[in-house]
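Here are the chains, one letter per residue:
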Amino acid sequence: MNTAPLMTESVPGTSPVTDGAHVLVDALKLNGVETLYGVVGIPITDVARVAQAQGLRYIGFRHESDAGHAAAAAGFLTKKPGFCLTVSAPGFLNGLVALANATTNCFPMVQISGSSDRHIVDLQRGDYEEMDQLAAAKPFVKAAFRVNRAADIGLAVARAIRTASSGRPGGVYLDIPAAVLGEVIDAGAAAASLRTVVDAAPEQLPPPRAVDRAVALLAAARRPLVVLGKGAAYAQADKTIRNFLESTGLPFLPMSMAKGLLPDTHPQSVASARSMALRDADVVLLVGARLNWLLGHGEPPQFSRDVKFIQVDIDPGELDSNAPIAAPLVGDIGSVIEALAERAQFIDAPAPWREQLAERKARNAESMAKRLAADPRPMRFHGALRAIRDVLRDRPDVYVVNEGANALDLARNVIDMAVPRHRLDSGTWGVMGVGMGYAIAAAVEGSGPVVAIEGDSAFGFSAMELETICRYRLPVVVVVLNNGGVYRGDGHNPASDDPSPTTLMPAARHDRLIEAFGGTGHHVTTPAELGAALTEALASGGPALIDCVIDPADGTESGHLTQLNPAVVGHHPATN
Ligand code: ADP
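Residues numbered from 1 in each chain as written. Predicted model: local features only at pLDDT ≥ 70, side-chain atom pairs only at ≥ 80, totals over all residues. Heavy atoms only, no water.

1. Overview of the site of the ligand
Here comes step 1: Near the ligand lie 20 residues; those nearest to it are Arg 168, Lys 230, Arg 290, Asp 313 and Ile 333.
Here comes step 2: Measuring from an oxygen atom of the ligand, one finds a side-chain N or O atom of Arg 168 at 2.8 Å.
Here comes step 3: At a separation of 3.1 Å, a nitrogen atom of the ligand approaches a polar backbone atom of Ile 314.
Here comes step 4: Taken by itself the ligand offers 580 Å² of open surface, and the protein chains cover 96% of this. (Near = heavy atom within 4 Å. Polar contact = N/O pair within 3.5 Å; in protein donor to acceptor, adjacent residues only side chain to side chain. Areas by Shrake-Rupley, 256 points an atom, 1.4 Å probe, with all protein chains shown as cover.)

This is the structure we're talking about:
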């Protein structure tokens with residue numbers, strides 16, 4: 001296929017023609033799409049070529065789920081759908097994992113997949129990579145569309161962008177059969193079929209009565225608390241949220257991906273008194289945070305039995321999905337918080353409550369400082385995280401990607417964030433495998449370098465993307481907290497010489513993986529070495545991986561989620 005803009009006059013005197021692949025790229029470009037993440041193959045290779053030729057950036061991955069996770073993270077970071085390009089059937093299914101994860105996390109994303117011949121697929125005659133992809137995608141996405149004519153591509157792209165971005169953001173699947181990508185159509189008709197989406201996610205103002213109800217509750221509260229979720233970070237209403245919180249003095253608790261919306265060191269942050277703040281609050285204002293498992297479904301013991309919830313969410317269906325919502329505020333976060341801020345003079349945080357929280361913060365900070373100061377050999381998680389924290393404290397511009405069990409739970413508490421939307425992690429599913437995809441998206445879309453803090457098991461899911469990171473020379477530093485196992489590395493198999501289910505190779509040298517692709521590897525065994533390696537890696541600006549040897553006996557099975565494991569007779573998670 002010709003990769004230059006296709007406007008041929010096939011027969012003198014006839015009008016110029018184009019094809020589906022070109023129309024697709026034109027439609028994306030017209031709507032401001034700048035980057036495609038994907039893995040090429042039949043039938044979409046030329047789409048990537050045409051995209052490059054037309055000035056879009058194409059980032060080619062080694063596995064579709066990583067490309068999809070990158071597109072999803074791009075959606076979260078930019079508030080515009082991230083685009084992922086996949087091949088038929090298996091490639092599509094690999095990407096679908098990320099699309100489903102994006103939908104679960106409320107990130108706007110579009111997966112465009114090529115698909116095989118409809119007339120063969122639909123009669124199940126056994127085509128190359130045969131699959132009814134549209135049907136397969138439907139349960140996992142906000143919407144799934146198929147384009148059957150090149151003339152409909154413009155409409156389909158607009159519809160996908162509108163659906164992914166508006167209301168509660170999420171994943172959209174766009175199926176484009178090979179025949180449509182290759183379909184030749186009149187260039188003039190193709191150009192006329194394109195359309196630009198106007199105001200993809202319009203403001204949604206809350207009804208004044210709903211604001212009155214919420215303000216009355218907040219004004220009467222003796223122990224008010226604001227919980228900021230990743231919806232609040234996504235909304236890009238940073239100044240509005242900060243002004244509201246600072247003018248009312250309300251204590252706030254950031255969920256993990258809302259860290260940095262206000263700096264974690266902000267005096268009103270009660271992140272280090274989390275359990276007490278949640279348990280003792282009498283009125284909780286949820287801003288872009290769902291009362292799902294991450295917040296104990298809004299029930300005791302995490303919350304008091306009498307707590308009253310005010311919930312700000314763009315999706316009315318979210319309200320009352322768990323604990324009852326006393327004051328629903330349906331609307332976009334910017335508009336709702338602005339409306340609340342107009343009544344800030346009626347709201348405050350009573351002094352006894354502030355003092356109680358401050359006391360608990362001080363006490364918890366003291367015990368955390370002790371844990372971080374301990375310097376045992378072999379190195380443990382806390383020692384390693386202290387070293388990382390000390391380096392990142394001076395680098396607020398760094399994007400932090402974080403996944404693992406213990407690596408996630410502990411880093412979330414130790415590593416402070418100071419800038420909005422600079423932390424990407426396992427999210428609503430608590431999923432492993434997002435690491436390198438998210439890191440690549442942050443490096444491509446963001447304004448600073450990336451440090452991915454990875455458990456060794458979590459890292460393994462997307463490790464081959466080190467090659468992608470090196471190929472594009474991205475400023476990504478991967479820190480592998482290597483305790484040689486899933487959760488921990490000292491598992492025991494009582495029955496044979498096979499490793500235990502949780503055991504990985506304790507002597508694995510992850511640093512050598514990146515060296516294979518021309519990046520810089522570091523292997524460290526002490527916090528001091530780790531701090532020096534991280535400083536050097538950030539200064540170099542190039543891809544690097546630091547393999548940190550952690551005591552295999554350090555780590556809890558399933559991290560903070562041990563209680564979610566079924567109680568199997570004879571098994572003791574604590575001892576592996
Ligand atoms: P966390 O895991 O950080 O608690 P969640 O993903 O559970 O956050 O919640 C995010 C919520 O934010 C979702 O319910 C989503 O509908 C909502 N949301 C996303 N964007 C907006 C927006 N612009 N305005 C209002 N609500 C939003």
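2. Section: the sheet that holds strand S7 (residues 171–177)
Here comes step 1: The six strands are arranged S3-S2-S4-S5-S7-S6 in an open sheet whose pairing can be described as parallel. Taken across any chain shown, the strands that pair with only one partner, and hence form the sheet edges, are strand S3 (57–60) and strand S6 (143–146). Neighbour to neighbour, the strand axes of the sheet diverge by 20° on average, direction disregarded.
Here comes step 2: Note that S6 and S7 share four bridges and pair parallel. Counted as the bridge partner of Phe 145 is Leu 174 from S7.
Here comes step 3: Against the sheet, helix H3 (residues 64–78) touches strand S2 (35–38), strand S4 (82–86) and strand S5 (109–115), its axis set at about 165° to S4. (Pairing = 2+ DSSP bridges. Helix = DSSP H or I, 4+ residues; strand = E, 2+ residues; numbered from the N terminus. Axes fitted to C-alpha atoms, helices over the stretch in contact; angles between N-to-C directions. Contact = heavy atoms within 4.5 Å.)

3. Some words on the UniProt feature "domain: Thiamine pyrophosphate enzyme central" (unreviewed entry) in the protein chain
Here comes step 1: According to UniProt, the "domain: Thiamine pyrophosphate enzyme central" (unreviewed entry) feature falls on residues 211–340.
Here comes step 2: For residues 211–340, the end-to-end C-alpha separation is 7 Å, with 32% helix and 18% strand making up the annotated structure. (UniProt positions renumbered as here; feature names shortened; annotations may be inferred.)

4. Notes on the domain arrangement of the protein chain
Here comes step 1: Under the domain assignment, the protein chain is made up of domain 1 (17–193), domain 2 (208–358) and domain 3 (374–559).
Here comes step 2: On a C-alpha basis, the centroid separation for the pair domain 2 and domain 3 is 32 Å.
Here comes step 3: On the domain 3 side, the residues contacting the 17 residues of domain 2 number 15 residues.
Here comes step 4: Here domain 2 packs against domain 3, burying approximately 1300 Å² in sum over the two surfaces, 52% of which is carbon and sulfur.
Here comes step 5: A per-residue breakdown of the area domain 2 buries against domain 3 is headed by Ser 256, Met 257 and Lys 259, which together make up 41% of the total.
Here comes step 6: Counting every contact that joins domain 2 to domain 3 gives one salt bridge.
Here comes step 7: Of the charged contacts in the structure, one is a salt bridge between Arg 421 and Asp 238, with a shortest N-O distance of 2.8 Å.
Here comes step 8: At the surface where domain 2 touches domain 3, the tally comes to ten residue pairs in polar contact (both at pLDDT 80 or more). (Domains from an automatic or database assignment. Buried area = accessible area lost by both parts, 1.4 Å probe. Salt bridge = Lys/Arg side-chain N within 4 Å of Asp/Glu carboxyl O.)

5. Some points on the side chain of His 422
Here comes step 1: Within the secondary structure, His 422 sits in the loop between helix H17 (406–414) and strand S15 (423–425).
Here comes step 2: Classification of His 422 as buried rests on a relative accessible area of 7%.
Here comes step 3: Polar side-chain contacts of His 422 include one of 2.9 Å to the backbone oxygen of Pro 420.
Here comes step 4: Setting aside residues no more than four positions away along its own chain, His 422 makes contact with Pro 396, Asp 397, Val 398, Tyr 399, Val 400 and Met 417. (Buried < 20%, exposed > 50% of the residue type's maximum accessible area, 1.4 Å probe, protein only.)

6. A word on the pattern of salt bridges
Here comes step 1: Applying the stated criterion to the full structure yields 23 salt bridges.
Here comes step 2: When the shortest N-O distance is used, the salt bridge between Arg 393 and Asp 390 registers 3.9 Å.
Here comes step 3: Salt bridges linked by common partners bring Arg 62, Glu 467 and Arg 471 together as one network.

7. Describing the environment of Gly 60
Here comes step 1: For Gly 60, the location among the structural elements is in strand S3.
Here comes step 2: By relative accessible area, which is 8% here, Gly 60 ends up buried.
Here comes step 3: Between the alpha carbons of Gly 60 and Ala 189 there is a distance of 31 Å; along the sequence they are 129 residues apart.
Here comes step 4: Discounting residues that sit within four places of it in the chain, Gly 60 has contacts with Gly 38, Thr 468, Arg 471 and Tyr 472.

8. What to know about the UniProt feature "domain: Thiamine pyrophosphate enzyme TPP-binding" (unreviewed entry) in the protein chain
Here comes step 1: The feature "domain: Thiamine pyrophosphate enzyme TPP-binding" (unreviewed entry), as annotated in UniProt, sits at residues 411–548 in this numbering.
Here comes step 2: Annotated as residues 411–548, this span is 34% helix and 19% strand, and its ends, taken at the C-alpha atoms, are 14 Å apart.

9. Examining the confidence of the model for the protein chain
Here comes step 1: Taken over all residues, the pLDDT of the protein chain has a mean of 95, while the share at 70 or more is 97%.
Here comes step 2: When mean pLDDT is taken per element in the protein chain, strand S9 (residues 224–228) scores highest with 99 and helix H5 (residues 118–121) scores lowest with 93. (pLDDT = per-residue confidence, 0-100.)

10. Side note on H3
Here comes step 1: For H3, which comprises 15 residues, the first-to-last C-alpha distance of 21 Å matches the rise-based estimate of 21 Å (1.5 Å per residue) to within 8%.
Here comes step 2: Counting buried positions along H3 yields 14 of 15 residues, so the element is predominantly enclosed.
Here comes step 3: Lys 79 sits one or two positions beyond H3 and adopts a positive phi of about 65°. (Expected span 1.5 Å × (residues − 1).)

11. Side note on the side chain of Asp 19
Here comes step 1: With respect to the helices, strands and loops of the structure, Asp 19 is situated in strand S1 (residues 17–19).
Here comes step 2: For the buried Asp 19, no salt bridge exists, and the shortest N-O distance to an oppositely charged side chain is 11 Å, to Arg 49. (Lys, Arg positive; Asp, Glu negative; His and termini not counted.)

12. As for the packing of helix H1 (residues 20–30) against helix H7 (residues 153–165)
Here comes step 1: Across the interface, H1 lies against H7 with an axial gap of 9 Å and an inter-helix angle of 40°. Handedness of the H1/H7 crossing: right-handed. Where H1 approaches H7, its residues Gly 20, Val 23, Leu 24, Ala 27 and Leu 28 are matched on the opposing element by Ile 153, Gly 154 and Val 157.
Here comes step 2: Of the residues in the contact of H1 with H7, the class split is six nonpolar, two polar and no charged. (Left-handed = near helix turned anticlockwise from the far one by under 90°. Nonpolar A, V, L, I, M, F, W, Y, C, P; charged D, E, K, R; others polar.)

13. Some words on the environment of Ile 42
Here comes step 1: Inspection of the secondary structure assignment puts Ile 42 in the loop between S2 and helix H2 (45–53).
Here comes step 2: On the basis of relative accessible area, Ile 42 is assigned to the exposed category, the value being 53%.
Here comes step 3: Once residues within four sequence positions are removed from consideration, Ile 42 is found in contact with Val 87, Ser 88, Tyr 128 and Glu 129.

14. Thoughts on the layout of surface pockets
Here comes step 1: Of the voids in this model, the second largest pocket is the one considered here, and its volume is about 210 Å³.
Here comes step 2: As for the second largest pocket, its lining consists of 13 residues, and the residues nearest its centre are Leu 392, Arg 393, Asp 416, Met 417 and Ala 418.
Here comes step 3: The residue makeup of the lining of the second largest pocket, split by class, is seven nonpolar, one polar and five charged. (1 Å grid on protein atoms, 1.4 Å probe; cavity = no way out; pocket = protein on both sides within 12 Å on 5 of 7 lines; lining within 4 Å. Points joined across faces, edges and corners; volume = space filled by probe spheres on them.)

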